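Single-letter residue listing:
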Amino acid sequence: MAEQQLPERQSPLEPEYHPGSHGNFEHGVDVILSETRPGSILQLAAWPGEEKRLIEIIRKVTGLALPDGAGGGVSNGTRAVFGFASGKFTVVDEAEGLAQAFAGSITPAIGTLTDLSHGRTAIRIAGPKAEWVMAKFFAIDFALPAFPLGAGRSTNHHDIFAQIQRSGADQFDIYVFRSFARSFWKALCHASEEVGYEVQ
Amino acid sequence: MSPRRTETGGRIDRLRTIRFTFDGAPYTGHAGDTLASALLASGVTLFGRSFKYHRPRGLLSAGVEEPNALVTVLRSEVREPNIPATMVEIYDGLVAVSQNRKPSLAWDIGAINQLGGKILSAGFYYKTFMGPVIGPLKGTRFWMFCEHFIRRAAGLGKAGTAHDPARYERMNAFCDVLVVGSGPAGLMAAKAAADQGARVILADLEAHFGGSANWSGETIDGMPAADWAQRVAAQLAGNDNVRLLPRTTVWGYYDGNTLAALERVTDHKEVAAKGEPRQRYWAIRAGTVVLATGSFERPLVFPGNDRPGVMLAHAAERYAVEYGVLPGQRVALFTNNDSAYRSAVALKKAGAAVVAIIDVRGDVSNEMRRLASDAEAELLAGHAVVATEGGKALTGLKVQRFDAMSGSLSGDERSIHADSLLMSGGWSPTIHLASQAGAKAEWDPARQAFLPPKPTQRWIGAGAFTGSFSTAQAIAEGRAAGLQAAGGTASSGPLPVVEAAPGDPDPAPVFEIRAKGKSFVDFQHDVTAEDVRLAHREGFVSVEHLKRYTTLGMATDQGKNSNVPGLAIMAEALGKPIPEVGTTRFRPPYTAVSIGSLAAERFGDLKPERLTPMHDWHIANGARMYSAGLWYRPMIYGLPGETVEQAYVREARATRDSAGIVDVSTLGKIAVQGPDAAEFLDRVYTNMFSTLAVGKARYGLMLREDGLAFDDGTTWRLGEQDFLMTTTTANAGKVMQHLEYFLDVIWPELKVTVTSVTDEWAGAAIGGPNARAILASCVTGTAVDNATLPFMGIVHGRIAGVPVMICRLSFSGEMAFEVYSGAGYGTRVWEALIEAGKPFGLVTYGLEALGTMRIEKGHVTGAEIDGRTTARDLHLDWMLSKKKPFIGSAMMDREGLIAPDRLELVGLIALDNRALNGGGHIVEELDEANPHDSLGHITACCYSPALGKYIALALVKGGKARHGTRAFVSDPLRNRFGPVEIVSNHFYDPDGSRMHG
Amino acid sequence: MLITCPYCGPRDVIEFTYQGDGNRERPQPASQDLDAWNAYVYDRLNPAGDHNEIWQHSGGCRAHLRVVRNTITHEILSTAFARGGHKSADNRAEGRS
């Protein structure tokens, strides 16, 4: 396909996205919320026994070396990768076009690539009370020893399925289905009022 | 200073005055007071009216177990009933009212029920309302007639109806060690575990940590116990590993060491901070739980034991020591054990006159005799209280000689003048959580109490909870439990040294003094000792039956006081020892839990909304939205003044005349990828997909394992090993789960990935005679003519500069195309199509027009694929491949599924030209008064602009064989009767010439 | 109740969907043995005690698990991927603690 500059994508959060400080912020803002709008969100899956080859391809294409173990992951500020299920990984890039970069290398013998760049919305929560606010939504342990830096988790908040990566000591990136994103965003803002939040 | 407030002592702040009202009258208290302590300090003795007899009741306790002093707290229009006054922390502006009284607490008309005491005895409801026939009202109908009046006379607080604006939240927590209870045992456990580096949560239902240390008057490590407790709590607060949860009741102990707790975050505050929840529901997953929940003091059962002024001994001690309030000036104590002697000394110290200690035991130890004389109290050993006197406050009591072995009274009654009678019937460990966790309590004959069972989950007990009633034992057990819970073993130096009054923890086995008059076992539900015996006489021998028949232990306090005395009286009646009678198992919640906290963040907003990429456009362009599952979809785009029917008829007609466009982004979309994808689809669908060419789509049908129809949709072959499956909106999740199940459990050898891509794509279906021309005018990079894009063909191109995928398929029956783009470009593509359609009069249409056109075409949806129909019933048997097995193929030909009298899909035309209703029945002969012999029912209906008639789809016995015959619709619920003609379900363009073009 | 997913670790039961009796054997796809199909589709064991069950971690990694659960105590005795070739939950638990 001939490369052609694509127009900007519409955010599902738009009417509910209000930059500035909100909630109980008079004594300071304890979390910062933002939509990171990555250009590429891919799901890569390896057939049983092919995981190591897929991890090697991910390293070659993105430069990110996945640590061993279930739910392991790593991010470098512009790109991120984490395991979210057995043999399955989410790979994220600030730039568009990551699917094309992978296209030739993931052969049918290794596994599959699914482009979810439009289908998932990336929401970031950062700040000293990020763990506290996240604990209101998800029944998983957000403490650093239990949820190490770079690691990923698949979980849900009622009907809203979420993949979560810890992208900093007090920062999480949450990937939700686009159609649920506005509802989740509203709930996240509501839950953050208690600690004071800023939308960036 | 109020008459009952002591000059010094307690943790109240005498410099801070708090103003509040109770039953409309203004009162003051101090910071640190509970509603109970503040009212008691103000001289209030009457706190409530009892459940059945409306007897005047005062404070029995000082804590969470309070059965009598239940109040309703009002915050603007919101009322919360049945809160123990002992658990309400006062704040400026608090408004509390008493309950179960009319017109006032002091003058209660319901008190007349006391005269009818015999009638309102055990099993009153059952006896009265199971049988009698009174005129036309029999049995339950009579009960329903009476219930209204009884509910008003008997009962607790009134629930509110006003909207509760407060916020409630749920919080998930994880820890290595959860310590429940912050008395000396709990504090030591938390500290020992935290010192080992464990993640610790310490929860206490009271506002202040310390438990009994706050009022025991004991000394720990040379300082007052209360100070020691504050020091340990402060140390814990400074530890990063520790989360302190005051005002937090752990109320449920569930499987997998999951515990539920309720934190009352702002109930004690005048106003909540912005965003601060009123209550927080904590779901705590704990590695190990230390249960240091203490024990409850038991009342004694004797005539008049419910009179205001009769109180548990330790409660009086608490009021005196912790709150600086004397429950009376002339105090008498009545006990079966040693603990009341310490209470006597404490009250004496606080300034009360202790007139007598009445002990059921004849042989009282020298140590206790010494304490009695320290309290300057007359000791009446081998005596019992047989009556109390007074109205809304105690004035005196009567005692008699008592033999603890035989339970017999003798000698003359002697009157004692007292304004407060403090009783102690021994102590029961608070084993509720351990019992919930799954094991049976064990009776300890020495302690005369149920002790916690051996753990079946990961918990360790400590302190009074285990029956170790001394503070020194609690401290030792607490530290050991904390160490063990944290996985440590090292002893950490000497234990804190406790100086405490002596005392034997074992009471005399005396629960009841049998004398004339009402002796209450369950104060809150007005169950007397005689009620228990009556139940036994009437044949109730099981403790579970006893509980339900007498309602013993069934009120909001769940028998925290009454459980053991009730069992003891039952055991005596049965002539059995208590362990053979057994005890009921405690169930969650330990205390009342607000429904708001359980709903938590879903309160007021039960479901998230699922929005399509074009949602905001629909709203901005006048769509009336319709919720379909979690999705929101346009129902109609109504013009001013249009009815729903006018709008959908206009939209459907315009589509068939020229062109219409509808948002189909909600259709389930699943990427099916991998070398075995085609093989997998062959097994999943009833028809073949391995033969489908790349760049083509095919309509597919899935069955369930039992052979019934499951779901349908088109699947597109985008690449050799890359399919895009679409499902119905409603079944997207179910189909996904179905596919995942077969790949994981049944055919793990297949190399296939399935991924939900519903949200990746925005979908717009554009149909009608001009649809192709509209597309041709805005699509670049591909032609859309019949050769390039035949029926069921797929092309890739661009609209408004963004990549789109176009498949020519039709649900409306017109020449139609589904245009898919990345969801982030959905609105952009949609708007470009609308713009391109303007010269052609393109209309947007909603679900109503969509449904109308599909009914005209006779297509099935979830209304027909209803879990009871087969492919044959729906005339889809042409899709059942005979060349391969597929899910459901083995079961679909069972006798019952191919029977000739099954309901089959047909079309209906209303011959009276009136609207039909979904759910209406079809009959051969109309009998409006006595509808019968249904042939089937209507599944979908509309006005058909194409036919100019009201039509419907229906499932009817005989189906095709009835085409061309006349029947009737019979819908008595909506009073709709009339003639219909049964026709083919393909009303419109049956040979498909319009969509094939 | 907590179920230890071999991939995700111990998770609350709300993340899981019960997918039925794990003792059922599906006949070969082409089998016409109606009794066998009938047993597979309709017969369920209902023991008071240890039970083989299929659960899907639907609110997590979405894998189907073979779970042995005691129906009286709710104790989960073991969990493993229904799809073979992956390590069991016990290994994972050791790795985590």
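Starting from 1, residues in each chain are numbered consecutively following that chain's sequence as written. Numbering of ligands from 1 and lettering of chains from A proceed in the order in which they are written. It should be noted that, the model being predicted, local features are given only for residues of pLDDT at least 70 and side-chain atom pairs only at 80 or more, the latter also being counted only at that level, while totals for whole chains, interfaces and linings use all residues.

**A closer look at the overall build of chain A**
Worth spelling out the cut-off: A run of DSSP states H or I qualifies as a helix once it reaches four residues; a run of E qualifies as a strand once it reaches two. Both are numbered from the N-terminal end. Our radius of gyration is a C-alpha quantity, and the globule rule it is checked against amounts to 2.2 Å times the number of residues to the power 0.38. It is the C-beta atoms, placed from the backbone, that decide contacts: two residues are in contact if theirs lie within 7 Å.
When helices and strands are counted, chain A shows 4 helices and 12 strands. The C-alpha radius of gyration computed for chain A amounts to 17 Å, which stays within 12% of the reference 16 Å derived for 200 residues, consistent with globular compactness. Its C-alpha atoms put chain A at 55 × 40 × 30 Å along the principal axes. Pairs at least 24 residues apart make up 69% of the contacts formed inside chain A by residues separated by at least 6 positions.

**Some words on the overall build of chain B**
Here is the rule we go by: With C-beta atoms placed from the backbone, a residue counts as buried when 20 or more other C-beta atoms lie within 10 Å of its own, as exposed when 12 or fewer do, and as partly exposed for counts between those limits.
Regarding its fold elements, chain B presents 23 helices and 53 strands. Relative to its length of 997 residues, chain B is extended, with a C-alpha radius of gyration of 38 Å against a globular reference of 30 Å. A buried classification covers 55% of the 997 residues belonging to chain B. Pairs at least 24 residues apart make up 66% of the contacts formed inside chain B by residues separated by at least 6 positions.

**A word on the sheet that holds strand E6 (residues 88-93) of chain A**
Residues and elements named next belong to chain A. In plain terms, the rule: Two strands are counted as paired when DSSP detects at least two bridges linking them. The convention used is that axes are lines fitted to C-alpha atoms, helices contributing only their stretch in contact, and that angles between N-to-C directions extend from 0 to 180 degrees.
Ordered in space as E4-E5-E6-E3-E7, the 5 strands form an open sheet in which the pairing is antiparallel. A single partner strand is all that each edge strand has here, and the edge strands are strand E4 (73-75) and strand E7 (111-115). In this sheet, adjacent strand axes meet at a mean angle of 20 degrees when their direction is disregarded. Pairing analysis gives 6 bridges linking strand E3 (residues 40-46) to E6, with the strands arranged antiparallel. Within E6, the position partnered with Ile41 by the bridge is Val92. With respect to the sheet, helix H1 (residues 51-62) is in contact with E3, strand E5 (79-85), E6 and E7, its orientation differing from that of E3 by roughly 155 degrees.

**Observations concerning the interface of chain B and chain A**
Counting from both sides, the interface comprises 40 residues of chain B and, opposite them, 38 residues of chain A. Among the secondary structure elements, those contributing two or more residues to the side of chain B that touches chain A are strand E10 (168-180), strand E37 (668-673), strand E41 (753-756) and helix H21 (826-837) of chain B. By residue number, the principal contributor to the side of chain B that touches chain A is E10(B), which donates 6 residues.

**Quick word on the interface of chain B and chain C**
What counts here: By the convention adopted, Pro, Cys, Tyr, Trp, Phe, Met, Ile, Leu, Val and Ala count as nonpolar, Lys, Arg, Asp and Glu as charged, and the other residues, Gly among them, as polar.
Contact residues are listed per partner, giving 18 residues for chain B and 21 residues for chain C. Here the side of chain B that touches chain C gets 6 residues from one element, more than from any other, and that element is helix H19 (residues 732-746) of chain B. Classifying every residue of the side of chain B that touches chain C gives 7 nonpolar, 4 polar and 7 charged.

**Quick word on the environment of B:Ser410**
All names here are of chain B. Within the secondary structure layout, Ser410 lies in strand E25 (residues 409-417). For the pair Ser410 and His383, spaced 27 residues apart in sequence, the C-alpha separation works out to 9.3 Å. Setting aside its immediate chain neighbours within four residues, Ser410 contacts Gln400 and Arg401.

**Some words on unusual backbone geometry**
Trans peptide bonds make up most of the peptide bonds, and negative phi angles are found at most residues other than glycine. Residues and elements named next belong to chain B. In this chain, Pro588 is followed by Pro589 through a cis amide linkage whose omega measures -5 degrees. Here Pro589 is to be found in the loop between helix H14 (578-581) and helix H15 (595-599). Even without being glycine, Asn257 reaches a positive phi, approximately 50 degrees. Among the structural elements, Asn257 can be located in the loop between strand E15 (248-254) and strand E16 (258-264). For Asn257, a count of 18 C-beta atoms within 10 Å puts it in the partly exposed group. The backbone phi angle of Asn975 is positive, close to 55 degrees, even though this residue is not glycine. By secondary structure assignment, the location of Asn975 is in the loop between strand E52 (966-971) and strand E53 (976-983). Looking at Asn975, the number of C-beta atoms within 10 Å reads 7, which means it is exposed.

**Focus on the nonpolar core**
To keep things clear, this is the line we draw: Connectivity within a nonpolar core runs through C-beta atoms within 7 Å, and the core itself is a set of buried Ala, Val, Leu, Ile, Met, Phe, Trp, Tyr and Cys residues. Where each domain starts and ends comes from a domain assignment, either automatic or drawn from a database.
Among the nonpolar cores identified, the biggest contains 369 residues, and B:Val177, B:Ala189, B:Val200, B:Val290, B:Ala344, B:Ile766 and B:Leu833 are the most heavily contacted of them. Both domains that furnish three or more residues to this core are identified here as domain 1 (12-37 + 119-149 + 164-170 + 177-200) and domain 2 (39-116) of chain A. Aside from chain neighbours lying at most four places away, what touches B:Ala189 is B:Val179, B:Val290, B:Ala292, B:Ala462, B:Gly478, B:Arg479, B:Ala481 and B:Gly482.

**Structural notes on the domain arrangement of chain A**
All names here are of chain A. Its domain assignment divides chain A into domain 1 (12-37 + 119-149 + 164-170 + 177-200) and domain 2 (39-116). Relative to domain 2, the C-alpha centre of domain 1 lies at a distance of 25 Å. Contacts between the two partners involve 5 residues from domain 1, matched on the other side by 6 residues from domain 2. Of all the elements in the fold, those that place two or more residues in the side of domain 1 that touches domain 2 are strand E8 (120-126) and strand E10 (160-168).

**Quick look at the sheet that holds strand E2 (residues 25-31) of chain B**
Residue and element names in this part refer to chain B. As summarised here, the arrangement of the 5 strands in space is E2-E1-E7-E5-E6, forming an open sheet in which the pairing is mixed. The outermost strands of the open sheet, each flanked by one partner alone, are E2 and strand E6 (78-84). On average, each strand axis in the sheet is inclined to that of its neighbour by 35 degrees, with strand direction left out of account. As paired strands, strand E5 (residues 70-75) and E6 are joined by 5 bridges and run antiparallel to one another.

**Focus on helix H20 (residues 771-778) of chain B**
Because an α-helix completes one turn every 3.6 residues, residues spaced three or four positions apart along the sequence face the same direction. Residue and element names in this part refer to chain B. The condition that has to hold: Our arc is simply the arc of the directions from the helix axis toward the C-beta atoms.
Buried within H20 are the following residues: Ala771, Arg772, Ile774, Leu775 and Cys778. The buried residues of H20 occupy one face: seen down the axis, they fall within an arc of 160 degrees. At its buried positions, H20 is contacted by strand E42 (761-767), strand E43 (779-780), strand E44 (794-799), strand E46 (816-822) and H21.

**Comments concerning helix H12 (residues 543-550) of chain B**
Residues and elements named next belong to chain B. Among the residues of H12, those classed as buried are Val543, Leu546, Lys547, Tyr549 and Thr550. Buried residues along H12 sit in contact with strand E33 (527-528), helix H11 (529-537), helix H13 (563-574) and H14. The first or second residue beyond H12 is Thr551, which carries a positive phi of 65 degrees.

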